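# Analysis of the macromolecular model
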Amino acid sequence: MRVAVVPTGEGGAWTRELAEDGQPLGEPRLWTDLPVAVAAYEPSGPRWVWAHTMDIYPRLLAAGVRVERCHDVELTETLLMGYVGRWGSPRSVAAAWARLTGGPVPPDKAPRSRDTQPTLFDAEQADPLGGADPLEVLLAVHADQLRRIGETALPGRFRLLVAAESAGALAAAEMGHVGLPWRADVHSELLTEMLGPRQAYGLPPRKLGELSERAALALGDRKLHLDSPAEVLKAFSRAGIRLSSTRSWVLKEVDHPAVPLLLEYKELYRIYTAHGWAWLSAWVHDGRFRPEYVPGGVVSGRWATRGGGALQIHKRVRRAAIADPGWVLVVADAGQLEPRVLAALSGDEKLARAGASGDLYRALADEAFGGDRPRAKIGMLAALYGQTSGEAGVLVAALRRKFPRAVDHVEKAAQIGESGGLVRSWLGRTCPPATSGWVEGGLDPEPVEEASDSGARNRARGRFTRNFVVQASAADWALALLATLRTALTGIGVEGARPELVFFQHDEVIVHCRAEDAAEVTAVLEQAAETAGRVVFGDTPARFPLDIAAVECYADAK
DNA sequence: CGAACTTGCGCC
DNA sequence: AAAGGGCGCAAGTTCG
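Criteria and thresholds
- Residues numbered from 1 in each chain as written.
- Chains lettered and ligands numbered in written order.
- Predicted model: local features only at pLDDT ≥ 70, side-chain atom pairs only at ≥ 80, totals over all residues.
- Heavy atoms only, no water.
- Disulfide = S-S within 2.5 Å.
- Buried < 20%, exposed > 50% of the residue type's maximum accessible area, 1.4 Å probe, protein only.
- Helix = DSSP H or I, 4+ residues; strand = E, 2+ residues; numbered from the N terminus.
- Expected span 1.5 Å × (residues − 1).
- Near = heavy atom within 4 Å.
- Polar contact = N/O pair within 3.5 Å; in protein donor to acceptor, adjacent residues only side chain to side chain.
- Nonpolar A, V, L, I, M, F, W, Y, C, P; charged D, E, K, R; others polar.
- Domains from an automatic or database assignment.
- Pairing = 2+ DSSP bridges.
- Axes fitted to C-alpha atoms, helices over the stretch in contact; angles between N-to-C directions.
- Contact = heavy atoms within 4.5 Å.
- Phe/Tyr/Trp six-rings, centres within 6.5 Å; stacked < 30°, edge-to-face > 60°.

Scanning the model with the defined rule gives zero disulfides in all. No disulfide involves Cys553; its sulfur sits 16 Å from the nearest other cysteine sulfur, which is in Cys513. Looking at Cys553, the relative accessible area reads 7%, which means it is buried.

Right, here's the structure in full:
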């Protein structure tokens, strides 16, 4: 059964039971309390149909209510509009309703920020519906979505995509709610160790000051401002060294006494600004780092975050992610995921078998690169990213001789992109069109470019679509893993001390659990990875094993 | 003055 | 001649 739910704006909710095809089964029901309504239905295992998980579910979690399944209408609308090449069209329920009824399509609101708490269908939103009943509108849009899903080329896969995307949104809200265990005291000590003690507001820590002073002196300008690339370039040029940029890989090639100082400064400065004390006080509270995940925030289906930079936690500060006493972090990452996904996508059984041996790059090296593993890896990544410079082109050619199906698959995706076409992930997530922005009713005209520029742009587009098919299909798999996992974990441990999913980053998950539950969690993880592979890719010889480590500290996992 | 863009780095 | 995908973030820089 499905149950549609619309918050009333005064803390209550309207609900209505639906059949699997979206047709209403009973009459609308008014509840004075949203969490009570949801908690009442949840034991019967419904799929909740609601506008936007990240609006509703955090409120439920705050009230202690967890749900198993949902259909997120906004995320689904985004997938469906993307499927027909209308990426960037407004995705709200009101917009979908307007398209359905031929009314004027309201633009989406600006992205929700952390400190606003908008309610869908509140006063501000009531207008776009033109007085229509919000529950009726939700029902109509949902039923229409089910119809449109049925009309896609591969409805079974698209249904799975919608379910996985929606389950991912549930997981995102749950992870934002529970947070990654984070020891602020350990983090602060770490910073002091690396940077020197924290200074008064605005002043850089001692070690940064010393480094920048020494680097500036070495470049012969005591007042040189290292944070300004332009100034640094000028200083090097005065020393007779012309640089294309101040990127660290460029600097590494230069023999000058200021270079090692500058490189060390850059690394420490990075940690200071991105993961320093300011980050700590903004994002870590009560022993947990609580980022705001944005499911579907990346066109490829990867998540984004809004603040906190949860998907870019610097390796050196992972030392502060420490399990609660008596608990452990079970860290699992899908090693070599993208080449394995490519094997499944392309039906390249030979590549799949290479992956089945464990270390895919090792097997690749033995098969096609005379045992040279580093070259095998570069060749594979070059094929995935479209790199042709240096040695890469030769390595891709070598790869292609032994694994033609896999390499041809990404080459084909690149060709489609270069000629202006769209590509899709395995489950049907579609890449955005080449032009920068779709506006409702037509393409945004772009200024005419020089012929040479358009060639470069087409090739860039080809690299994008080439990578999209693999990255987005890997995201399909990762979402299926997450969906399987969050359900499977509820059966482990004891009430009040269940394992909790605390982190997800593209191809890696962290489960926080009691030490005595770690073995069971590990088994469930392995099983979930297996299930995700089978559910998403069906009958394929490709394997998607997880590297799993149960550790007290995140930094010890790798 | 803030907005919008650029640079360079971190993660995958 | 060169040709590496996706992001977020913070500081610097430029623009209105």
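Our next topic: helix α6 (residues 134–150). Across its 17 residues, α6 extends 24 Å between first and last C-alpha, which sits within 8% of the 24 Å expected from 1.5 Å per residue. Residues of α6 that are buried: Leu135, Val137, Leu138, Leu139, Val141, His142, Asp144, Gln145, Leu146, Arg148 and Ile149.

Time to look at the protein's contact with DNA strand B. Taken together, 18 residues are adjacent to DNA strand B, and Thr246, Ser248, Arg270, Gln312 and Asp507 come closest. At the protein interface, 80% of the atoms of DNA strand B within 4 Å belong to sugar or phosphate. The contact in question runs from a phosphate oxygen of DNA strand B to an N or O atom on the backbone of Ser248, over 2.7 Å. A distance of 2.5 Å separates a sugar or linking oxygen of DNA strand B from a polar side-chain atom of Asp507. Here the surface near DNA strand B is built from residues that sort into three nonpolar, seven polar and eight charged.

Here the domain parsing of chain A yields domain 1 (2–151), domain 2 (184–280) and domain 3 (289–336 + 478–557). Computed over C-alpha atoms, the centres of domain 1 and domain 2 are 49 Å apart.

With that out of the way, let us pick up the sheet that holds strand β14 (residues 500–504). Backbone hydrogen bonds hold the strands of a sheet together, and the pairing may be parallel or antiparallel. Ordered by their spatial adjacency, four strands build an open sheet running β14-β15-β11-β16, and the pairing between neighbours is antiparallel. Here the strands that pair on one side only, and so sit at the sheet edges, are β14 and β16 (546–551). Ignoring strand direction, the axes of neighbouring strands in this sheet form an average angle of 20°. In terms of strand pairing, strand β11 (residues 327–334) meets β16 through six bridges, oriented antiparallel. Bridge pairing in β16 places Ala332 opposite Ile548.

Strand order in the open sheet formed by five strands is β3-β2-β1-β4-β5, with mixed pairing between adjacent strands. At either margin of the open sheet sits one strand with a lone partner, and together these are β3 (29–31) and β5 (69–72). Between one strand axis and the next, the sheet turns through 30° on average, direction left out of account. Both strand β1 (residues 2–7) and strand β4 (residues 47–50) contribute to a ladder of three bridges, which runs parallel. By the bridge assignment, Val3 is partnered in β4 with Trp48. Where α6 meets the sheet, it contacts β1, β2 (13–18), β4 and β5, and its direction lies at approximately 140° from that of β1. Across the sheet, helix α7 (residues 155–178) is in contact with β4 and β5; its angle to β5 comes to roughly 110°.

On to the packing of aromatic side chains, then. Scanning the entire structure with this criterion turns up 15 aromatic pairs. When the ring of Tyr265 is compared with that of Tyr269, the centres are 5.5 Å apart and the planes differ by 15°; the resulting orientation is stacked. A residue pair is termed a helical-turn pair when its members lie 3 or 4 positions apart in one helix, as Tyr265 and Tyr269 do in helix α12 (residues 258–275) at four residues. Residue classification places Tyr265 among the buried residues on the basis of a relative accessible area of 7%. Judged by centre distance (4.7 Å) and plane angle (70°), the rings of Trp303 and Phe504 are edge-to-face. Placement of Trp303 in the loop between β9 (293–294) and β10 (304–305) and of Phe504 in strand β14 is noted, with a sequence separation of 201 residues between them.

A few words now on the protein's contact with DNA strand C. The environment of DNA strand C is made up of 25 residues, and the closest members are His225, Ser228, Tyr269, Gly307 and Arg463. Between DNA strand C and the protein, one listed contact pairs a base nitrogen with a side-chain N or O atom of Arg270 at 3.0 Å. Within the backbone of Thr388, a nitrogen or oxygen atom sits 3.4 Å from a phosphate oxygen of DNA strand C. Of all elements in the fold, only α12, β10 and α20 (451–488) reach the threshold of two or more residues within the surface near DNA strand C. Ranked by residue count, the leading element in the surface near DNA strand C is α20, at four residues. Counted by class, the surface near DNA strand C contains six nonpolar, 14 polar and five charged residues.

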